[in-house]
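# A look at the structure
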Amino acid sequence: MTDLLAAAAAAAAVFAATNIDDIVVLTVFFVAARRAGRPCPWHIVAGQYLGIGALVAGAVVVAAGLLVVPDPWTGLLGLLPIGLGIRALLSRADDDGPPAVVGSLLGVAGVTIANGSDNIAVYVPVFRSLDPATGLVWLVVFAALVAVWCAVAALRGGPPGVVRLVGRAGHWLVPAIFIAIGVVILVGSGVLTRLAELAG
């Protein structure tokens, strides 16, 4: 029993450390859902589960030695939120609501995967060292914490002041957040350095 509790605590710590930035993204999604009606709340939750599930599945496959991650090329996924943000800026409406940067389940999942691409580097050695029973505990904890993350983000995006702020500045604030997320992914992954080396 003590081992299971220790495994659950370790899983919670790793999840929190690698997904703390998802709170910001999810909050933006929930505020946009309240203001613009898209994405639907269930798209946000299901997309987050799908995205985190894909990241964990990828890490398990890599840990099993079935695939090699072309690090740091996963950083190119940062182009996805940048592209979504630029598209929203260019096609924004004249109303005072935030643009629907992402309007579907797959869009939410894609941003989650892009924002968590660096998580795989952390998850791979962890899952490589876990026995099946402990790995199952980690998966259960991850699944529970995705629900917690969504609940926290929904609460953070619920206060009228937050909704009003995004209503006033959402036409540029929401796309700017996504562009910033993409830039952080690109820079943090080291892929720009690798591209510069290849160009040189």
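Here the structure is a predicted model, which means the values were calculated and not measured. (Residues numbered from 1 in each chain as written. Predicted model: local features only at pLDDT ≥ 70, side-chain atom pairs only at ≥ 80, totals over all residues. Heavy atoms only, no water.)

### A look at the nonpolar core
- Judged by nonpolar contacts, the single largest core of 40 residues is most densely connected at Phe15, Leu26, Phe29, Tyr123, Phe127, Trp138 and Phe142.
- Among the secondary structure elements, those contributing two or more residues to this core are α1 (2–19), α2 (22–36), α3 (41–63), α5 (105–115), α6 (119–129), α7 (132–156) and α8 (160–189).
- The greatest single-element share of this core, amounting to ten residues, is contributed by α7.
- For Leu26, the contacting residues outside a window of four places in its chain are Ile44, Gln48, Trp149, Cys150 and Ala153. (Core = buried A, V, L, I, M, F, W, Y, C linked by side-chain atoms within 4.5 Å. Buried < 20%, exposed > 50% of the residue type's maximum accessible area, 1.4 Å probe, protein only. Helix = DSSP H or I, 4+ residues; strand = E, 2+ residues; numbered from the N terminus. Contact = heavy atoms within 4.5 Å.)

### Points about the environment of Ile86
- Positionally, Ile86 belongs in helix α4 (residues 79–90).
- For Ile86 and Ala176, which are 90 residues apart along the polypeptide, the C-alpha to C-alpha distance reads 8.3 Å.

### Here we look at the side chain of Asp22
- Checked against the element boundaries, Asp22 lands in helix α2.
- Buried charge without a partner: Asp22 forms no salt bridge, and the closest opposite charge is Arg156, 12 Å away.
- Among residues more than four places away in sequence, those in contact with Asp22 are Gln48, Ile52, Thr112, Asn115 and Trp149. (Lys, Arg positive; Asp, Glu negative; His and termini not counted. Salt bridge = Lys/Arg side-chain N within 4 Å of Asp/Glu carboxyl O.)

### Considering the packing of aromatic side chains
- Across all of its chains, the model carries seven aromatic pairs by this definition.
- With a centroid separation of 5.2 Å and an interplanar angle of 65°, the aromatic rings of Phe15 and Phe142 are classed as edge-to-face. Here Phe142 lies in helix α7 and Phe15 lies in helix α1, a separation of 127 residues in the sequence. Each of the two residues, Phe15 as well as Phe142, counts as buried.
- When the centroid spacing of 6.4 Å and the interplanar angle of 85° are considered together, the rings of Tyr123 and Phe127 count as edge-to-face. Placement of the pair is Tyr123 and Phe127 together in helix α6, with a separation of four residues, close to one helical turn. (Phe/Tyr/Trp six-rings, centres within 6.5 Å; stacked < 30°, edge-to-face > 60°.)

### Some remarks on the confidence of the model for the chain
- On average, residues of the chain score 79 in pLDDT, and 80% of them reach the 70 mark or higher.
- Predicted confidence in the chain is weakest over α8, with a mean pLDDT of 68, and strongest over α7, with 91.
- When the criterion is pLDDT under 50, residues 94–98 qualifies, and its contacts beyond four places in sequence or with other chains add up to 14 contacts. (pLDDT = per-residue confidence, 0-100.)

### Some remarks on α1
- Taking 1.5 Å of rise per residue, the 18 residues of α1 would be expected to cover 26 Å, and the 26 Å separating its terminal C-alpha atoms lies within 8% of that figure.
- Three or more residues of α1 are buried, namely Ala7, Ala11, Val14, Phe15, Thr18 and Asn19. For α1, the angular spread of buried residues about the axis comes to 105°, placing them on one side. In α1, the exposed residues that point more than 90 degrees away from the buried face are Thr2, Leu5 and Ala17.
- Taken together, the buried residues of α1 touch α2, α3, α6 and α7. (Expected span 1.5 Å × (residues − 1). Arc of directions from axis to C-beta.)

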